[in-house]
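Descriptive analysis of the structure
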Amino acid sequence: MWIERKALAAEIPAAAALDTRQLCELLASLGFPVDGVASREGTDVLDVDITANRGDAMSHRGMAREVAAKLRQPLAPLAPPPVAEGAPQVPVRLESPACPLYATALLSLGTGGTPADAQAFLRALDASAKGLPAVDASNELLHRYGHPTHAFDADRIQGAVSVRWAISGEKLVTLDGVTRTLLAQDLVIADEAGPIALAGVMGGDGTKVTEATRRVLLESAWFDPKTVRATARRHSLHTDASHRFGRGADPAMATVARDLLVDRLRTWAGATLEGAWTAGALPAHASSVTLSEAMLVRVAGEPLTLAEAAEALTRLGCVVKAGSDTLTVQPPTWRHDMAIPDDLAEEVLRLRGYEHIPSVLPPLEGPPQRLSPDYRLRQALARRLAHLGFHQTVTYGFISPEADAAFAAPDNAPEGRTLVNPLGQEYSVLRGTLLSSLKDAAEQNLRQGAREVRLFEVAPTYISGPKGPGERFTLGLAWGGTQGGEDYLSPARPVREADLRGIARDLGLAALPEVRALGEGLFGFEVPVADLPRPGERIVPAFRPFSRFPSVERDLSLLVDLGQPYEALAAAMRAALPAEVLQDLRCVDVFRHKSLPEGRQAWLMRLRFQADRTLVGSEVDGWMASALAAAEALGAKIRA
Amino acid sequence: MDHLLPAEILEADRAFPVALAACADLDALLRLKGAYVGREGSHAARLMDLLKAAPKEQKRDLGAAINGLKQGWEEGLKARQTELEAAKKNLNALASSWDPALPPPVPARGALHPLNRLMDRLVEVFRPLGFHVEEGPEVETEAHNFDGLNIPEDHPAKASSDTFYLAAHPELLLRTHTSPVQVRTLLRVAPDLQKLGGIRFLAPGRVYRKDEIDPTHSPMFHQVEGMLVGHDIGMQHLKGTLEYALRALFGPHTEIRLRPSYFPFVEPGCEVDVSCPLCDAKGCRVCKGSGWVEILGAGLLHPNVLKYAGIDPEEWSGWAFGMGVERMAMMLSQTPDLRLFFENDQRFLGAMGGLD
Ligand SMILES: [Zn+2]
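Residues numbered from 1 in each chain as written. Chains lettered and ligands numbered in written order. Predicted model: local features only at pLDDT ≥ 70, side-chain atom pairs only at ≥ 80, totals over all residues. Heavy atoms only, no water.

**Here's the deal with the confidence of the model for chain B**
Per-chain confidence: chain B averages 90 in pLDDT, with 96% of residues scoring 70 or above. Both confidence scores are given for the complex: pTM 0.83, ipTM 0.88. (pLDDT = per-residue confidence, 0-100.)

**Concerning the pattern of salt bridges**
Residues and elements named next belong to chain A. Inspection of every chain in the model, using the stated rule, returns 64 salt bridges over all chains. Where Asp-337 meets Arg-54, a salt bridge forms, and the shortest distance between an N and an O atom there is 3.9 Å. Here Arg-54 lies in the loop between strand S3 (43-48) and helix H3 (60-71) and Asp-337 lies in the loop between strand S17 (326-330) and helix H11 (341-352), a separation of 283 residues in the sequence. A relative accessible area of 12% means that Asp-337 is categorised as buried. The partner of Glu-497 in a salt bridge is Arg-501, with the nearest N and O atoms 3.5 Å apart. You can see Glu-497 and its partner Arg-501 sitting in helix H15 (residues 497-506), four residues apart, about one turn around the helix. The partly exposed category is assigned to Arg-501, whose relative accessible area is 34%. Linked by salt bridges that have partners in common, Arg-54, Asp-56, Glu-66, Arg-335, Asp-337, Glu-347 and Arg-350 make up one network. (Salt bridge = Lys/Arg side-chain N within 4 Å of Asp/Glu carboxyl O. Helix = DSSP H or I, 4+ residues; strand = E, 2+ residues; numbered from the N terminus. Buried < 20%, exposed > 50% of the residue type's maximum accessible area, 1.4 Å probe, protein only.)

**Brief notes about the pairing of strand S2 (residues 34-40) of chain A**
All names here are of chain A. Where S2 meets S3, six bridges bridge the pair, whose relative direction is antiparallel. Across the sheet, Ala-38 pairs through a bridge with Val-45, a residue of S3. The hairpin turn running from S2 into S3, its antiparallel successor, is two residues long, and Glu-41 in that turn takes a positive phi close to 50°. (Pairing = 2+ DSSP bridges.)

**Here's the deal with the coordination of the zinc ion**
Residue and element names in this part refer to chain B. For the zinc ion, the protein coordination sphere consists of Cys-276 (SG), Cys-279 (SG), Cys-284 (SG) and Cys-287 (SG), at 2.2 to 2.3 Å. In this structure, the zinc ion is coordinated by four donor atoms arranged in tetrahedral fashion, with angles at the metal of 104 to 114°. When the donors of the zinc ion are listed by position in the chain, the intervening gaps give C-x2-C-x4-C-x2-C. For Cys-287, a relative accessible area of 3% corresponds to the buried category. (Donors = N, O, S within 2.8 Å, 3.2 Å for Na, K, Ca; no water. Tetrahedral: all angles 85-135°; square planar, octahedral: opposite > 155°, others 65-115°.)

**Quick look at the sheet that holds strand S15 (residues 289-292) of chain A**
Residue and element names in this part refer to chain A. Strand order in this open sheet of three strands is S15-S17-S16, and the pairing throughout is antiparallel. Each end of this open sheet is capped by a strand with a single partner; those strands are S15 and strand S16 (319-322). Between one strand axis and the next, the sheet turns through 25° on average, direction left out of account. Sheet contacts for helix H10 (residues 306-315): S15, S16 and S17; angle to S17, the most-contacted strand, approximately 5°. (Axes fitted to C-alpha atoms, helices over the stretch in contact; angles between N-to-C directions. Contact = heavy atoms within 4.5 Å.)

**Some words on the sheet that holds S3(A)**
Residues and elements named next belong to chain A. Spatially, S1-S3-S2 is the arrangement adopted by the three strands of the open sheet, whose pairing is antiparallel. Single-partner strands in this sheet number two, and they are strand S1 (2-4) and S2. The sheet shows a mean angle of 30° between the axes of neighbouring strands, taken without regard to direction. Examined bridge by bridge, S1 and S3 share three bridges and lie antiparallel to one another. By the bridge assignment, Trp-2 is partnered in S3 with Asp-47. Strand contacts of helix H2 (residues 20-29): S2 and S3, with the helix running at about 20° to S3, the strand carrying the most contacts.

**Notes on the pairing of strand S6 (residues 256-261) of chain B**
All names here are of chain B. With five of six residues buried, S6 is to be regarded as a mostly interior element. Across six bridges, S6 lies against strand S7 (residues 266-275) in antiparallel orientation. Looking at the pairing, Leu-258 lines up with Val-272 of S7. With antiparallel pairing between neighbouring strands as the criterion, S6 and S7 make up a hairpin whose turn holds four residues.

**Points about the domain arrangement of chain B**
Where interface size is given, it is often the accessible area lost as the parts come together that is meant. Its domain assignment divides chain B into domain 1 (2-96) and domain 2 (114-352). Here domain 1 of chain B and domain 2 of chain B have C-alpha centroids that lie 81 Å from each other. (Domains from an automatic or database assignment.)

**A look at the packing of H10(A) against H11(A)**
Residue and element names in this part refer to chain A. For the pair H10 and H11, interaxial distance at closest approach is 9 Å and the crossing angle is 85°. When the axes of H10 and H11 are compared, the pair comes out roughly perpendicular. Contact with H10, carried on its side by Ala-309, Ala-312, Leu-313 and Arg-315, involves Leu-344, Glu-347, Val-348 and Leu-351 of H11 and no other residues of that element. Among the residues making up the contact of H10 with H11, the classes are represented as six nonpolar, no polar and two charged. (Parallel < 35°, antiparallel > 145°, perpendicular 65-115°, else oblique. Nonpolar A, V, L, I, M, F, W, Y, C, P; charged D, E, K, R; others polar.)

Below is the structure:
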């Protein structure tokens, strides 16, 4: 909201002594940071950020109240010449509790226009001056004092005025020229022909003030914040008035604002008052709140006294009654955010300045808890893959239905994972796979000239279920391009499927995941993080005795068919040997050459045996014979 | 045409492949080359002499035969030479791989994502104070995302213009902040709170808001939430903890500043500024000359948040904070465009993420 320095100083004269920078700092310390300063109409105008709970501060007067309380300086008096009320010239019926109070006046306009200084004030706030005194005065009052008012062309109102709920389907053309179809939850001002304004939001086009207007009917009311918010949202009609009524206007200002408006129309436009009257009464005051010393001291973190608190709250306009160890506080009519003792404690601290809050480490009462094994596993996994040369990616959790269908499990129906209001088709499905996102990122890297791309992501994938999508942390990995060739020891070669299987094995996956070809020489796999071996709960695993007797290593050179899967052969050999003595079995060399029999290759298998005793040569010979027999059963032959 | 050629030449041609294969090195090959196609005294030179002396009517056929032979030898020699050179090079390479004067091989270099790295660092900073990590789902209920956090039923953030909802499950949404983890955690620990003596944790994670993608907005981003519940917790404890943590993060001379602000789930609420880590608070472009940068929002837990979880606000109190990870990463790194964090260019990741 724009605050003009001169106009602020008109409400709190002491503010004139502050320069713009000091004023900005003061407002920020009160919870109103200044986002920017503009220079308009020969004065500095501050763009003040006002939080949603502080509708009372959305005016120069409101901001001045804050500055006055902080500086302990008086506000300028606000005393318009009182308007004598009389009998209603137009009957006003309040038919809904959402409008308990409606002050009005009927005036005949004379001659004159909006004064230059009022027009300059409006321009400084980036608001337009229409040159119509009734419109400009209402607007000027809103910015200066925060209370929205409205002027109707009285000669275009038919019969009595009522404030009532709309009849569903009723139409109203609002000031912006849009025809609104109303709902029964919309509060309207209506005459005998139908709605003439959306209460607290916007006036109607049919009764608006124009150059031709001779008589005006003024409205200065109080509307229920919730009702105004709902109507503004329903019709996407967010106005200066709806912002203020929606956050809670000051009901005590309704009559004052009416009097101010009458006064301006008399002086600006030579208007004659034909009558002023009020329907309804002030809404019930918010109940008082009790602040205990214990609560105050707990929140503040230092021994503040109730007397200090009472003084601060009084400066803010509260009526404070002191008890023995509590204060009973009646918030001012303009504040709707002082409902609980915590709110009062905040006000005391705020006025005092948050810079005075001491800095103390909390008592660390509960014992520290460990990081969960799942979380630690994911952290360790990311580090490990980064050390293996992979780059961690962060991609969006929603993708296009096509991208999802390319890799998500067929039984994972996308309907259960689809957003009703996505940013677009391409972001509409909570992904059942990481591979599409990784493929996109990898292709993008290759297009940008990367010779090799190694990416991984650890993120949830979503699984449709009857109660909504379940989430499963998943590791996805993509690798492609040219591997090696960056130094003189490793020759350049394309990345192969087997490279990914090597990574999967290295991560300790019991069952190797399916490696998918992602196109453009890219490969990828994804696997639930839960399938990876979890770190033990113990800091150091339990001791497992190991043999100190020497191990025996034997090699076995086998001729096997080309195409023989290694795992199958290794498993058969392992199965043929006593598990308690076989320490290790691996293939240490592969030899393929035309000198070997057609369709065969040679594998050099290395076996290591160990037991809790010294092994005898003959028993090892026996095991080697068993291993060979198992290999032969799969078609292997010993290589002479 | 072979009848035109001398027998010893035909014999030499037959022996050529074996001789070629027998050449174990380039020197041997050079000698063989001299013997077959050398300028003088070679089989080829002798054939040229023969051609000159041949009768005119034989010249054509003889020439073709000689060319055929010569071509075969030359091709064989050339192929073998390529082979031997490659072998020699390989041998050289193997030999030189042990040379300590040469540069060492370069292992592949990966990187953590800068956003993850920053979140990890925040966890690391709070661990010494006994904070652990709590996590929650990204698909949340309105109750956890809004109601449990004292967010009014008609709050604009609930609108489908701000929050993503699921088509098949109208009551489910993508969480708009990490705060529902507060609600879930409080609900879970409430029965045991007395025994635990309170709780304190961080909740890092991904959140979603319906913002169009541009240099400063993304529909998905990250937050880190922090929370502590105990006895007699006040603003001084919030300030003390944040001062401690932000000094651990930015350095021992870091100062913090609290300013009043408003969030429905805290009371009192505040924004927290930190002395600009980029210019040591001297004033720079990032802090707009003020020496301060806004870093997070925080406050004491609103009693309604505790009550929702079944915790008595008369006995228990606490604080919470929430910070935007992207915002902080952009500020610290001076990255000009938020989209870079989601493009995953290896050059960006390698330079920004690194390993630690
Ligand atoms: Zn700076």
